[in-house]
Amino acid sequence: MPELAEVAFACSIWNSNLNQKIKKVEVSKTSRVFRDCEPSQVEDALSQTILKSSATHGKQMLFKFTGDKWLGLHLGMTGSLALEESSYTAEKHDALILYQPSATLIFKDPRQFGKVSLHIGKTVPSWWKDLPTSMLDEKFDQQIVTTALKRHARRPIKALLLDQRYFQGMGNWMADEVLWRAAIHPASPCGKIKKTAEDHLFKQILFVARGAMNSVGVNGGDPPKGWLFHARWKDGGLCPKTGKKLRREKIGGRTSCWCPHIQNK
DNA sequence: ATACCTGTTTCCCG
DNA sequence: CCGGGAAACAGGTA
């Protein structure tokens, strides 16, 4: 599930239960999400602390606990956060469970492409400070797009949009949504994109990022009606604008969906 | 059985 | 050195 706005919504689930003591921590000893830290260390570090605040940046999440403990989470492809009753018992793909007096916070991830990181210190971890500018930041300007297009002139634009060095939080459906709205074919080489198309691209990146945050990011669920999102998943989908059949093909390593009548190479 | 998947990292090529 | 693409990671689902 997890792109920009879905990550923000997932974060808000845990964030809805701040300021309660973590009575017990349960970790999976085998999940690959602990490849960058020891599960037992996370268990020890978070026990008897209190979750004080949370933040997201693109697809990254950071949770701050008392005692200078910081937990970083990435949801990968299939990760999710949940809030359950305090009587909750561990299920098959639960990687990390935080038991509070009145609720339980759960991080589950069947495919285990997600990632847990632990930081202990007075200040935020360096890997958090050094993240690229967020698409939601006012400092995210068209120059970032211009520079990226120029540097990767031979790459298909779809692949560039998925590059987290430039577009923090952009995922497969968001990228298709942006290109559809900007009327750019996903296979277009970045170096072939004209100035006016680039203007549209920049505007639609902001539109999709903000639009997703204001809908999915707040209430979970799906983006608004009329978005390509609703038609792009399966073969035979119809373009919400033209009513014509959408095309699907692997571009930039990922299945891409576009409307041939709007998006020409 | 087969193929596919809202992500990232690593490896290999030119 | 850099850019680009394929493969790998792992389990569920159609």
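Everything below is about the structure printed above this text.
Our subject in this report is the structure included herewith.

Mapping Asp-94 onto the fold places it in strand β6 (residues 94-99). For Asp-94, a relative accessible area of 9% translates into the label buried. Here Glu-91 takes part through its backbone nitrogen, which lies 2.8 Å from a polar atom of the side chain of Asp-94.

Let us now look at the packing of aromatic side chains. In this description, an aromatic ring pair is defined by two values, namely the gap between the centres and the angle between the planes. Considering all chains together, one arrives at nine aromatic pairs under this definition. Stacked on the ring of Trp-233, the Lys or Arg Arg-232 has its end atom at 4.5 Å from the ring centre. The residue whose ring lies beneath Lys-241 is Trp-180, and the NZ or CZ to ring-centre distance is 4.5 Å.

This brings us to the protein's contact with DNA strand C. The immediate surroundings of DNA strand C are formed by Arg-32, Lys-92, His-93, Pro-110, Arg-111, Gln-112, Phe-113, Arg-151, His-152, Arg-154, Arg-155 and Pro-156. Here, DNA strand C places atoms within 4 Å of the protein, and 57% of those atoms are sugar or phosphate. Lys-92 is positioned with one of its side-chain polar atoms (N or O) 3.1 Å from a phosphate oxygen of DNA strand C. Each residue belonging to the surface near DNA strand C can be placed in one class, and the counts come to three nonpolar, three polar and six charged.

Here we come to helix α7 (residues 195-214). An ideal rise of 1.5 Å per residue puts 28 Å on 20 residues; α7 measures up with 29 Å between its terminal C-alpha atoms. Burial in α7 covers these residues: Ala-197, Glu-198, Leu-201, Phe-202, Gln-204, Ile-205, Leu-206, Val-208, Ala-209, Gly-211 and Ala-212. Against the buried residues of α7 lie α1 (4-15), α4 (142-151), α5 (157-161), α6 (172-182) and α8 (216-219).

With respect to topology, four strands assemble into an open sheet ordered β1-β6-β7-β5, the strand pairing being antiparallel. A single partner strand is all that each edge strand has here, and the edge strands are β1 (24-27) and β5 (80-84). Within this sheet the neighbouring strands show an average axis-to-axis angle of 10 degrees, counted without direction. Judged from the four bridges that link them, β1 and β6 form a sheet pairing that is antiparallel. Directly across from Val-25, in β6, lies its bridge partner Leu-98. Strands in contact with α1 are β5, β6 and β7 (104-108); relative to β5, the strand with the most contacts, it is inclined by about 25 degrees. Along the sheet, helix α2 (residues 39-46) contacts β1 and β6; its crossing angle with β1, the most-contacted strand, is approximately 170 degrees.

Below, the discussion takes up the environment of Ala-55. Examined against the element boundaries, Ala-55 turns out to sit in strand β2 (residues 51-57). With 40 residues separating them along the chain, Ala-55 and Asn-15 place their C-alpha atoms 8.9 Å apart.

Okay, the nonpolar core next. The tendency in soluble globular proteins is for nonpolar side chains to be buried side by side. Met-135, Ile-157, Leu-161, Phe-167, Met-170, Leu-201 and Ile-205 are the most contacted members of the largest nonpolar core, which totals 34 residues. Taken together, the elements giving at least two residues each to this core come down to α1, α4, α5, α6 and α7. Once residues lying within four places of it in the same chain are set aside, the contact partners of Ile-205 are Met-135, Phe-140, Val-145, Leu-161, Phe-167, Met-170 and Val-178. One finds Val-25, Val-33, Cys-37 and Ala-95 within the second-largest nonpolar core, a separate group that totals 26 residues.

Further remarks concern the pairing of strand β10 (residues 254-258). Judged from the five bridges that link them, strand β9 (residues 247-251) and β10 form a sheet pairing that is antiparallel. Bridging across to β10, Ile-251 finds its partner in Arg-254. Count of turn residues in the β9/β10 antiparallel hairpin: two residues, of which Gly-252 carries a positive phi of about 60 degrees.

Running from N to C, α6 and α7 point in directions that differ by 135 degrees, and their axes come no closer than 9 Å. It follows from the interaxial angle that α6 and α7 lie oblique. Helix-helix and strand crossings are classified by hand; for α6 and α7 the assignment is right-handed. Here Trp-173, Met-174, Glu-177, Val-178, Leu-179, Arg-181 and Ala-182 of α6 lie close against α7, whose contacting residues are His-200, Leu-201, Gln-204, Ile-205, Phe-207, Val-208, Ala-209 and Ala-212. Each residue belonging to the contact of α6 with α7 can be placed in one class, and the counts come to eleven nonpolar, two polar and two charged.

Right, let's talk about α2 for a bit. Turning to α2, its buried residues are Pro-39, Val-42, Ala-45 and Leu-46. Buried residues of α2, viewed axially, fall in a sector of 130 degrees; they line one side. As for α2, its buried residues are in contact with β1, β3 (60-65), β4 (69-74), β6 and β8 (115-120). Of the residues flanking the end of α2, it is Gln-48, one or two places downstream, whose phi is positive at about 70 degrees.

Let us now look at the layout of surface pockets. Rolled over the atoms, a probe as big as a water molecule pinpoints where empty space is left. Reported here for the largest pocket is a volume of approximately 600 Å³. What lines the largest pocket is a set of 21 residues, and nearest its centre among them are Lys-59, Met-77, Gly-171, Asn-172 and Arg-254. Breaking the lining of the largest pocket down by element, the ones donating at least two residues are α6 and β10. For the lining of the largest pocket, a count of residues per class yields seven nonpolar, eight polar and six charged. In this structure, the second largest pocket encloses a volume near 260 Å³. Lining the second largest pocket are Ala-182, Ala-183, Ile-184, Ser-188, Pro-189, Lys-192, Ile-193, Lys-194, Ala-197, His-200, Asn-264 and Lys-265. For the lining of the second largest pocket, the residue count by class is six nonpolar, three polar and three charged.

What counts, and where the lines are drawn
- All residue numbers refer to position in the chain's written sequence, counted from 1.
- Ligands are numbered from 1 and chains lettered from A, in the order in which they are written.
- Residues qualify for local features only when their pLDDT is at least 70, as the model is predicted, and side-chain atom pairs are given and counted only at 80 or more; totals for whole chains, interfaces and linings, by contrast, use all residues.
- In computing side-chain properties, one takes all heavy atoms of the structure into account and sets aside hydrogens as well as water.
- Where helices and strands are cited, they refer to DSSP runs of H or I of at least four residues and of E of at least two residues respectively, numbered from the N terminus.
- Partly exposed describes any residue whose relative accessible area lies between the buried limit of under 20% and the exposed limit of over 50%, with all areas from a 1.4 Å probe on protein chains only and scaled to the type maximum.
- Here a polar contact is recorded for every N or O atom pair within 3.5 Å, except that within protein the pair must consist of a potential hydrogen donor and a potential acceptor, and residues adjacent in sequence are included only if both atoms are side-chain atoms.
- Ring pairs shown here join Phe, Tyr and Trp side chains whose ring centres sit within 6.5 Å, with only the six-membered ring taken for Trp; geometry is labelled stacked below 30 degrees between planes, edge-to-face above 60, and tilted in between.
- Only lysine NZ and arginine CZ atoms are considered, and such an atom sits over a ring when it is within 6 Å of the ring centre and within 35 degrees of the ring normal.
- Proximity is defined per residue: if any heavy atom of the residue lies within 4 Å of a molecule or strand, that residue is considered near it.
- Ten residue types, Ala, Val, Leu, Ile, Met, Phe, Trp, Tyr, Cys and Pro, are classed as nonpolar, four, Asp, Glu, Lys and Arg, as charged, and the remainder, Gly among them, as polar.
- To estimate the expected span of a helix, count its residues, drop one, and scale the result by 1.5 Å.
- We call two residues in contact whenever any of their non-hydrogen atoms come within 4.5 Å of each other.
- Any two strands with at least two DSSP-identified bridges between them are counted as paired.
- Every axis in this analysis is a line fitted to C-alpha atoms, fitted for helices over the stretch in contact. Angles between the N-to-C directions lie between 0 and 180 degrees.
- The term nonpolar core refers to a set of buried residues drawn from Ala, Val, Leu, Ile, Met, Phe, Trp, Tyr and Cys, joined through side-chain atoms within 4.5 Å.
- Any angle that falls under 35 degrees is termed roughly parallel, while one over 145 is termed roughly antiparallel, one within 65 to 115 roughly perpendicular, and all others oblique.
- Left-handed describes a crossing whose near helix is turned anticlockwise from the far helix through less than a right angle; right-handed describes the clockwise counterpart.
- To be clear, the arc concerns the directions from the helix axis to the C-beta atoms.
- In this analysis a 1.4 Å probe is tested at points of a 1 Å grid over the protein atoms alone, and where it fits but cannot get out there is a cavity; an open set with protein on both sides within 12 Å along at least five of seven lines is a pocket; lining residues have an atom within 4 Å of a point.
- Grid points are joined across faces, edges and corners, and a volume is the space filled by probe spheres set on the points.

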